Structures are given as C-alpha cells and as structure tokens.
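# Analysis of the macromolecular model
Given next are the chains, with one letter for each unit.
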Amino acid sequence: LTLNTTMNVGQGYNLVVGNIKDTSNNMMAVPQIFTLIFNNTLANLVICEIMYNDPSLSDSLEYFEIKNKGTADANIGGYQITDGVGFTFPANTLLMPDSMIVIAKSTNALVAVFGTMNVLQWSSGGLNNSGEAIEIQNSVGDVIDYVEYSDQNPWPLAGDGTGHSIEFCDFALDNNQGANWRANITFVSETDGDSLFGNPGKSCASGIGFENQIHLVESTQVFPNPTFGMLTIQSEAQNLQYQLTDLRGLTLRSGIIENSNYQIDIQELATGMYLLFIIDEKENVKIGFKVLKQ
C-alpha cells in the first residue's frame, strides 16, 4: 500500500479490507480489520527489574520493569516485546523522563501485592525460570533494549525462586551483563509461605544497611536443599551466626558459623519445612532461607 500521508508516530490506525474476490470470483463475506501502529522512534528505554521466578504457586507475580532514561517524553505506542513474552504497547503510550512502566503476567495480582503502579499485562507467554532474552523493538524492527538474564553466575542467584526480583541500578553500565545486576531485598509480604522482595515501578533502594544486606544475600548459599540431614552454609562474609527454627518460630539450632563452608546436622529433625536465618550482628542485617528436610 502507498499512503497519501505519513502515519503519526505511536497513533493507532485501522486498516479495513473488504469487497475482495478470490481467483474463483468468491467475494469476502465479512470485511477484515487490522490495527496498525507505526513507530520508528528510538526511545532511550532500559529494562531494569525482572521477577522471573516468583514464589507464588501460580507464578502470577512475574513482571519486568522498563525505565525511560531519555530527557523527553517517549511515545512508545506500537513498540513490541519480541522475546520473552508477547506484547505490543497500546497506541499513544507515553513514558515521561525517569519514569517507569511495568509489564506483568497479571496486572490484578501485581497491584494487589505491590500496590498501584503504571502496569500493563502481557498478552502471551511467560518468563523462563532458567533464563531467556527480553527484547524491545519499535514497529520497524529496530532493537530498543535487549537483556538475556540467567539463573547462573554472574547473574544474582537469589532471583531464582527465593522470592527476590533482580534489579539494575547503575545506568552508566551495561544492563545485559549479569554482574551489573543485584538481588532486590525490598521486603513486600509473605506469598504462599515465602517472603517476597521487589519494588516494581519504583527506583532502586539504597543506603549502607541495604548494601550490606545485598552483599550477604549474594555471597551466601545454603545446600543441598532439600537435604536428608546435612546442610552446608557457604558464605564470603565473616563473623556470622545462624538460627534454625520451625514454621512456628521455635528455635531448634543456633550457633556461630565458624568457617566459609560450615555444616549443620539436622538428621534428627522430622521431615518437613524449616527456616534458616543467617545473621550478621556487626552490620545489623539478617537473611532467611526455607529448608526442606526429607
């Protein structure tokens, strides 16, 4: 088709096709309507938070966040998510400078848990728990932003099913490098028995205590989990303590973590779920893990 006038960027148009005959001279019974949104702009968008393996039983809290790092309003109507999930931004979707928009599996579920935000619901697909690409393109195929996250180092391991989103905070760096992301430890609520950490639609939290807690989360691992009796606490941090409780909060084991590969024997405990807390009293931070005893 050759247009007499140029389509406006980000505006929706309807292309109506009717009164067409096929080679056997059969006329179309019903006209067909196609929605078109032309947008060849190159907005400065950055994918900056991803919840790809949330703790809800239905995975209803998956989302990713996009920020406009430009200095002007961006009309992103017609932009598409071409990898990860299926989604096209509605006509005349405006994103102001330094503001964020969240794309979610379920807008209702996300707002119910995290509160009101600028959020839209994707139309198909979901975020892979082991990692995949998320790509934004304009309507003529230019790549606006691309992130291929993973559940392996150097990406933050806490993003893989432990209740944490992962976030990108330093916009001078490359957001497609896992080492430039961190685990989100902004506590929100308990979801299906797990703690939930994330802040969709908001800027990264900061502060000395926050950074100390992030370091403890990212430098500490507990394995094997599930376990038949022996737990190993592996951490780069020093002078740590541990506390093992049942789900009612009753302390069953506690002590000092004496080395970087410290073992706890829980063979005598009954089969079931327990909570293991790692505590750094010097920095006044505490993190928790769910532990399944088989």
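Quick look at the structure, then. Values in this document were obtained by computation on a predicted structure and should not be read as measured data.

Reading guide: rules and limits
- Residues numbered from 1 in each chain as written.
- Predicted model: local features only at pLDDT ≥ 70, side-chain atom pairs only at ≥ 80, totals over all residues.
- Heavy atoms only, no water.
- Phe/Tyr/Trp six-rings, centres within 6.5 Å; stacked < 30°, edge-to-face > 60°.
- Helix = DSSP H or I, 4+ residues; strand = E, 2+ residues; numbered from the N terminus.
- Buried < 20%, exposed > 50% of the residue type's maximum accessible area, 1.4 Å probe, protein only.
- Lys NZ or Arg CZ within 6 Å of the ring centre and 35° of its normal.
- Patch = residues over 30% accessible without salt bridge, like charges linked within 9 Å, V, L, I, M, F, W, Y side chains within 5 Å.
- Areas by Shrake-Rupley, 256 points an atom, 1.4 Å probe, with all protein chains shown as cover.
- Salt bridge = Lys/Arg side-chain N within 4 Å of Asp/Glu carboxyl O.
- Pairing = 2+ DSSP bridges.
- Axes fitted to C-alpha atoms, helices over the stretch in contact; angles between N-to-C directions.

## Thoughts on the packing of aromatic side chains
Two numbers describe a pair of aromatic rings. These are the distance of the centres and the angle of the planes. Under the defined criterion, the tally for this structure stands at nine aromatic pairs. Taking the centre distance of 5.7 Å and the plane angle of 75° together, the rings of Tyr63 and Phe114 count as edge-to-face. You can see Tyr63 sitting in strand β4 (residues 63–68) and its partner Phe114 sitting in helix α1 (residues 107–114), a full 51 residues away along the chain. Judged by its relative accessible area of 15%, Phe114 falls in the buried class. Between Phe187 and Phe197, the aromatic rings sit 5.7 Å apart at their centres with planes inclined by 65°, giving edge-to-face as the arrangement. Of the two residues, Phe187 sits in strand β16 (residues 187–191) while Phe197 sits in strand β17 (residues 194–197), which places them 10 residues apart along the sequence. Ring pairing ties together the aromatic residues Trp155, Phe168, Phe171 and Trp181, which thus form one cluster. Directly above the aromatic system of Phe171 lies the positively charged group of Lys69, at a separation of 4.8 Å from the ring centroid.

## Description of a nonpolar patch on the surface
On the surface, Leu247, Met273 and Leu292 cluster together into a nonpolar patch covering about 250 Å² of accessible area. With respect to the element layout, Leu292 can be found in strand β24 (residues 285–293). A residue is classified by how much of its surface remains accessible, and Leu292, at 31% relative accessible area, is partly exposed.

## Quick notes on the sheet that holds strand β18 (residues 220–223)
One open sheet holds the three strands; their spatial order is β18-β19-β22, and the pairing between them is antiparallel. One side of each edge strand has no neighbouring strand; the edge strands of this open sheet are β18 and β22 (261–265). For this sheet the average axis-to-axis angle between neighbouring strands, irrespective of direction, equals 20°. Both β18 and strand β19 (residues 230–235) contribute to a ladder of four bridges, which runs antiparallel. Paired with Gln221 across the two strands is Gln234, which belongs to β19.

## Structural notes on the pattern of salt bridges
One pass over the structure, following the stated rule, counts two salt bridges. Of the charged contacts in the structure, one is a salt bridge between Lys69 and Asp98, with a shortest N-O distance of 3.4 Å. Linking Lys69 in the loop between β4 and β5 (74–75) with Asp98 in the loop between β8 (94–95) and β9 (100–104), this pair joins segments that are 29 residues apart in sequence. Note on Lys69: relative accessible area 27%, which makes it partly exposed. Glu167 is the partner of Arg182 in a salt bridge, and the nearest nitrogen-oxygen pair spans 2.8 Å. Taken together, the residues span a long stretch of sequence, with Arg182 in strand β15 (residues 181–183) and Glu167 in strand β14 (residues 166–168) at a distance of 15 residues. Here Arg182 and Glu167 have matching classes, each one buried.

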